[in-house]
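# Structural characterization, general
Now for the letters of each chain:
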Amino acid sequence: MKRIIAREEICMGCGLCEVYCTVQHSKTKDIIKAYKETPKPISRVRLEVAKPISFAIQCRNCEDAPCVIACLSGAMTVDEETGLIKHNKDKCIGCWTCVMVCPYGALKMDISGKVVAKCDLCQELESPACVANCPNRALTVKEVRP
Amino acid sequence: MPKYVIIGASAAGIGAVEAIRDVDPVGTIAVISEELCPHYSRPMISDFVSGQVSFPEMMCREDDFWRKNDVQELLGRKAMTIDFPKKRVTLDNGERVIYEELLIATGGKPFCPRIEGADKDGVFTFTTISDAERLAEKLENSKSIVVIGAGLIGVSVTEALVKRGLKVTLVELQDKILSLLLDANGSDIMEDVMRRAGVTIVAGQSVQKIIGNPKNDQAVGGVVLTKGNQIACDAVIVAIGVVPRTDLVTGTELKLNRGIIVDNFMKTNLPDVYASGDVAEAWDFTLTQNRLLPLWPLAMSQGKVAGYNMAGKKTEYAGGTNMSSLKYFGIPVVSIGITNPKDPTTFEILTKHEPEKNLYKKIVLKDNIVVGIILVNEIERAGTLFHLMKNRVNVKKFKRELISEAFGLAVLPASLRKTMCQGYIR
């Protein structure tokens, strides 16, 4: 399974990861139009800043993930083959229980849809949008278990 | 003869099956449940009553969950007695099920105080799908409802009723609603948004009597409050809380307090007998004692711990605490741990209170360790705060940041930050 690793010593806090993630998870996939869409597309990566420190974090796909155990509706599941944590928007009831238990704060609240939004590692792309568009490679992909 | 027998097939039972199958793909499992289709999400009952979801949409696991996990389904069956020395469960049809390892996960049942008139038609509780179905049918021709109890369940059912266009009076014995989760500032925000949504809140009172309808005394027509005033209604919903369903084991050699007493491996005092979920008294890491905590995520987690131990993979329960996230009336709320200490002088309390924005944050610290969290209307960082709390991280150097809008991973100590950037922490 892929995991995105953040390197805070290299990150300059430009926020392009959030921009490209938002675009990738928009309807139009167009950098200008995406920001005018309703409902607003949501970045699943978050730039964490406390100057001079900055780094970007998204779902870590934990083993024994607290969000999966806590999920009230069964929307959050583990893909047995890849170990990836999948979120089924149609089953999500927006109870925010996963938000309460995720140590990383990696689950974002999509208030317009009353569901959570999480990183899917951009399955359809060769490299996740945040990684591919990080100008100084502060985000890299590492292959970890299963 | 099944190797594993599980009584109860809600969160804890489901968690146990998943854990057992994780380590033992072949050992036979039998699950006993009084419900025919038990793998639904109980917390979603309010969404069912509001009409937002149908019963099939409430399934928290795949339709073929039991079959897929090769579970012998004894559904619609009630366990009547357990013979612990003979390791045998007797069902309501006389069938006997022998076990090697037993999990008791019988859950909770609604607590109904003795109220005169509570036997009338139109008094409901709110914990199973059959309760909810009967209630939903009654609501078809109801206009006004009295809900008794303004805890998590009472507030959730109130929202469901409001969504259906009903007039609701919420009666709470304590002076404030959600008193086990919030303090006065937090409750005031919720009371305010609920009143604006049309809910009548009667706090500091209880229902002393349920009275009949003038046309039919056997049907609910209203309630009389403790101070004597009457409220007319078509139905009463009792949402005071749940108590453990221990009937099956009361008077046996199994050690009980209010619930079944378990150790941190979910083991009871009897060999090869485990208990999990709302029926068990498990470890609370905040209060550092065992207690009842009837919460879905904790039941799931305890069920998993029991399942692993039953299947021979020694696993310790990390403990839980009183923790809930709420989504009602458009205001997200998180409450964890000791949120309203009785003796506040022995704690350090940080707050941020902007009632005009419905915003409230409160962090309760003891010796620089987070022991309580209230977040109203800004909850996205709740999980990180909970992580600090659960792992007893000393927050001395950055405690001022905890209630700030800018709180996030970047303010954490370098060592913790590094682990988080790399990936995986438990």
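Residues numbered from 1 in each chain as written. Chains lettered and ligands numbered in written order. Predicted model: local features only at pLDDT ≥ 70, side-chain atom pairs only at ≥ 80, totals over all residues. Heavy atoms only, no water.

What follows concerns the environment of Cys130(A). If you trace the backbone, Cys130(A) turns up in helix α4 (residues 129–132). Residues Cys130(A) and Ala106(A), spaced 24 residues apart in sequence, show a C-alpha to C-alpha distance of 14 Å. (Helix = DSSP H or I, 4+ residues; strand = E, 2+ residues; numbered from the N terminus.)

Bringing helix α9 (residues 414–422) of chain B into the picture now. Helical geometry: 3.6 residues make up each α-helical turn, so side chains three or four residues apart lie on a common side. Residues and elements named next belong to chain B. Along α9, the residues that are buried comprise Leu416, Arg417, Met420 and Cys421. Along the axis of α9, the buried positions cluster into a sector of 135°, meaning they face one direction only. Counted as exposed and oriented over 90 degrees from the buried face of α9: Ser415 and Lys418. (Buried < 20%, exposed > 50% of the residue type's maximum accessible area, 1.4 Å probe, protein only. Arc of directions from axis to C-beta.)

Here we come to the interface of chain B and chain A. The partner chain A presents 39 residues to the 41 residues of chain B that form the contact. Both faces considered, chain B and chain A share a buried interface measuring about 3,400 Å² in area, 58% of it formed by carbon and sulfur atoms. Applying the counting rule to chain B against chain A returns three salt bridges. Ionic pairing is found between Glu380(B) and Arg46(A), a salt bridge with its closest N-O pair at 3.0 Å. Across the chain B-chain A interface, the total number found is 13 residue pairs in polar contact (both at pLDDT 80 or more). Elements with a contribution of two residues or more to the side of chain B that touches chain A: α7 (296–310), β22 (323–326), β23 (333–337), α8 (382–390) and α9 of chain B. Classifying every residue of the side of chain B that touches chain A by side-chain character gives 22 nonpolar, ten polar and nine charged. (Contact = heavy atoms within 4.5 Å. Buried area = accessible area lost by both parts, 1.4 Å probe. Salt bridge = Lys/Arg side-chain N within 4 Å of Asp/Glu carboxyl O. Polar contact = N/O pair within 3.5 Å; in protein donor to acceptor, adjacent residues only side chain to side chain. Nonpolar A, V, L, I, M, F, W, Y, C, P; charged D, E, K, R; others polar.)

Next up on the list: the sheet that holds strand β12 (residues 200–203) of chain B. Residue and element names in this part refer to chain B. Ordered in space as β9-β16-β10-β11-β12, the five strands form an open sheet in which the pairing is parallel. At either end of the open sheet lies a strand with only one pairing partner, and these are β9 (123–124) and β12. Of the pairings in the sheet, the one linking strand β10 (residues 144–148) to strand β16 (residues 235–238) comprises four bridges and is parallel in character. By the bridge assignment, Ile148 is partnered in β16 with Val238. (Pairing = 2+ DSSP bridges.)

All names here are of chain B. Inspection of every chain in the model, using the stated rule, returns three aromatic pairs over all chains. Taken together, a centroid distance of 4.9 Å and an interplanar angle of 80° make the contact between Phe65 and Trp66 edge-to-face. Across the pair, exposure class does not vary: Phe65 and Trp66 are buried alike. Pairing Phe285 with Phe386 gives two aromatic rings, centres 6.3 Å apart and planes at 45°, and the pair type is tilted. Pair noted here: Phe285 is in the loop between β20 (280–284) and β21 (289–292) and Phe386 is in helix α8, with a separation of 101 residues, a long-range link. Phe386 carries the same exposure label as Phe285, and that label is buried. It is Lys313 that lies over the ring of Tyr308; its NZ or CZ is 4.6 Å from the centre. (Phe/Tyr/Trp six-rings, centres within 6.5 Å; stacked < 30°, edge-to-face > 60°. Lys NZ or Arg CZ within 6 Å of the ring centre and 35° of its normal.)

Don't take any of this as a statement about function, it's just geometry.
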